[in-house]
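Okay, here's what each chain looks like letter by letter:
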Amino acid sequence: MFRRWTNSHREQENDESQLESKVNELRAALGPLSGRDLKYCSDACLKRYLEARSWNVDKSKKMLEETLKWRSTYKPDEIRWHEISVEGETGKVFRANFHDCYGRTVLILKPGLQNTTGMDNQIRHLVYLMENAILNLPEGQEQMVWLIDFTGWTLSTSVPIKCARESINILQNHYPERLGASFLYNPPRIFEAFWKMSVNVIWRKTKCILLGILVLFFSRMLSCPFVNHLLQIVKYFLDTKTFQKVKFVYPMNKDSVEIMRSYFDVDNLPTEFGGKATLKYDHEEFSRLIVEDDEKTATFWGFSDKQKHGVGNGYGGAEVVPEPASPGAASQLNGLPLTS
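Residues numbered from 1 in each chain as written. Predicted model: local features only at pLDDT ≥ 70, side-chain atom pairs only at ≥ 80, totals over all residues. Heavy atoms only, no water.

The name given to the protein in an unreviewed UniProt entry is CRAL-TRIO domain-containing protein, and the organism recorded there is Rhododendron simsii.

This is the structure:
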């Protein structure tokens, strides 16, 4: 037994040594970095890009350099809430005040509450919340969880395919390995059937962190042009890891209940997702709290929000509403309000 443990321990050390070697190789290939690029390219970041490209240093380098170029022009770290707050008025996407059992940040998406039509601002809103979710990840955690509630979703609340395509492009190329799990709650049954069909048709292709989740969220599922477009997306982006991350869950379904309980403390989970907590999105309170995160973002990236955007942005300070008590790891982390 001791010999087996020793061999296993040595194999683990060898694996860790190889991973560290790959990270060092990628860092050397990138060359000297400074400013925000240096801040962005942590060892954990390099590991994510290596993982996204099957630990091929050359491909990882190309992907990461394209992200650095995108961040320098799109400036996701400089988007501020007051610029895109109109997108959040209905609570169609927001960061929850609870975490999953692994301490991961949770984004709640309600596509049935779509309230705008401008593609550019919708994408900026999504990017802003991705950055905010990452900012609020606990130390050592690189991934988040998405809860997507399809209650009230119709074709009329969908967003055009062009918006879906651009969103997928950004998330796939610039936020690799950020999705830990995604729960599609009460979706039309055709979604799951189409998902499984796509998996059977195209199984071993390159990866995309969100694949059909965003497509289903942003696009017109039942139109023939959309189906053809989705097949093309799946063809390029589907792999086994992505498939494992997507969970279809339904109300009053025993298997679904067990899935949710295995990932969440039911005392913190809103009733909309089979839990016991009351969910009520308060846009004004959310705005006040998330503006505080804007200052944290500015500090993290090394510039002053007051100098860049002015002292006032329309919202005052507020105390953070505490999370419901929970014995799990999620209860140790701060979040944004779900008022009851």
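**Examining the packing of helix 3 (residues 43-52) against helix 4 (residues 57-74)**
Two elements in contact, helix 3 and helix 4, have axes whose closest approach is 8 Å; the angle formed by their N-to-C orientations is 120 degrees. Classed by the angle they form, the pair helix 3 and helix 4 counts as oblique. By crossing handedness, the relation of helix 3 to helix 4 is classed as right-handed. Contact residues: Cys 45, Leu 46, Tyr 49, Leu 50 and Ala 52 in helix 3; Val 57, Ser 60, Met 63, Leu 64 and Thr 67 in helix 4. Within the contact of helix 3 with helix 4, the residues separate by chemical class into eight nonpolar, two polar and no charged. (Axes fitted to C-alpha atoms, helices over the stretch in contact; angles between N-to-C directions. Helix = DSSP H or I, 4+ residues; strand = E, 2+ residues; numbered from the N terminus. Parallel < 35°, antiparallel > 145°, perpendicular 65-115°, else oblique. Left-handed = near helix turned anticlockwise from the far one by under 90°. Contact = heavy atoms within 4.5 Å. Nonpolar A, V, L, I, M, F, W, Y, C, P; charged D, E, K, R; others polar.)

**Side note on the nonpolar core**
Ranked by size, the top nonpolar core spans 49 residues in total, and within it Trp 146, Leu 147 and Phe 264 carry the most contacts. Top contributing element to this core by residue count: helix 6 (residues 119-135), with seven residues. With sequence-adjacent residues up to four places away left out, Phe 264 is seen in contact with Phe 98, His 99, Asp 100, Cys 101, Val 106, Val 145, Leu 147, Phe 183 and Leu 269. In terms of nonpolar packing, the next biggest core, distinct from the first, is built from 17 residues, Val 23, Leu 30, Leu 64 and Ala 298 among them. (Core = buried A, V, L, I, M, F, W, Y, C linked by side-chain atoms within 4.5 Å. Buried < 20%, exposed > 50% of the residue type's maximum accessible area, 1.4 Å probe, protein only.)

**Details of the packing of helix 6 against helix 13 (residues 283-301)**
Contact geometry for helix 6 and helix 13: axes closest at 11 Å, N-to-C directions at 70 degrees. Viewed along their axes, helix 6 and helix 13 adopt a mutual orientation that is roughly perpendicular. Across the interface between the two elements, Tyr 128, Leu 129, Asn 132 and Leu 135 of helix 6 pack against Phe 286, Ile 290, Asp 293, Asp 294, Lys 296 and Thr 297 of helix 13.

**Some remarks on helix 4**
A rise of 1.5 Å per residue sets the reference length of helix 4, with its 18 residues, at 26 Å; its end C-alpha atoms lie 25 Å apart and thus fit the reference within 8%. For helix 4, every residue scored as buried is listed here: Val 57, Ser 60, Met 63, Leu 64, Thr 67, Leu 68, Trp 70 and Arg 71. With its buried residues spanning 165 degrees around the axis, helix 4 presents them on a single face. The outward face of helix 4, more than 90 degrees from its buried face, is lined by the exposed residues Asp 58, Lys 59, Lys 62, Lys 69 and Thr 73. Backbone nitrogen of Asp 58 and a side-chain oxygen of the N-cap are separated by 3.1 Å at the start of helix 4; the cap is Asn 56. Directly after helix 4, the chain includes Lys 75, whose backbone phi takes a positive value near 55 degrees. (Expected span 1.5 Å × (residues − 1). Arc of directions from axis to C-beta. Polar contact = N/O pair within 3.5 Å; in protein donor to acceptor, adjacent residues only side chain to side chain.)

**Topic: the pairing of strand 3 (residues 144-149)**
Counting buried positions over the six residues of strand 3 gives six, a clear majority of the element. Along strand 3, one buried face is formed by Met 144, Trp 146 and Ile 148 and the opposite face, lined by Val 145, Leu 147 and Asp 149, is buried too. Considered for its hand, the β-α-β crossover made up of strand 2 (residues 105-109), helix 6 and strand 3 is right-handed. Sheet analysis places strand 3 next to strand 4 (residues 179-185), joined by six bridges and oriented parallel. (Right-handed = clockwise from strand over helix to strand, strands pointing away. Pairing = 2+ DSSP bridges.)

**Overview of the layout of surface pockets**
Picture a little ball the size of a water molecule; that probe, rolled over the atoms, points out where space is still empty. Volume-wise, the largest pocket comes out at about 540 Å³. Lining the largest pocket are 28 residues, with Ile 134, Leu 135, Arg 178, Phe 300 and Trp 301 sitting closest to its centre. Where the lining of the largest pocket is concerned, the elements lending two or more residues are helix 2 (35-40), helix 3, helix 6 and helix 13. Among the elements that make up the lining of the largest pocket, the one with the highest residue count is helix 6 (five residues). Taken together, domain 1 (1-74) and domain 2 (81-301) each give at least three residues to the lining of the largest pocket, which thus spans both. (1 Å grid on protein atoms, 1.4 Å probe; cavity = no way out; pocket = protein on both sides within 12 Å on 5 of 7 lines; lining within 4 Å. Points joined across faces, edges and corners; volume = space filled by probe spheres on them. Domains from an automatic or database assignment.)

**Some thoughts on unusual backbone geometry**
For residues that are not glycine, phi is negative in most cases, and the peptide bond is trans in most cases. At Lys 75, a position not held by glycine, the phi torsion is positive, near 55 degrees. Tracing the chain through its elements places Lys 75 in the loop between helix 4 and helix 5 (81-84). Although it is not a glycine, Glu 177 adopts a positive phi angle of roughly 60 degrees. Its relative accessible area of 7% is what places Glu 177 among the buried residues.

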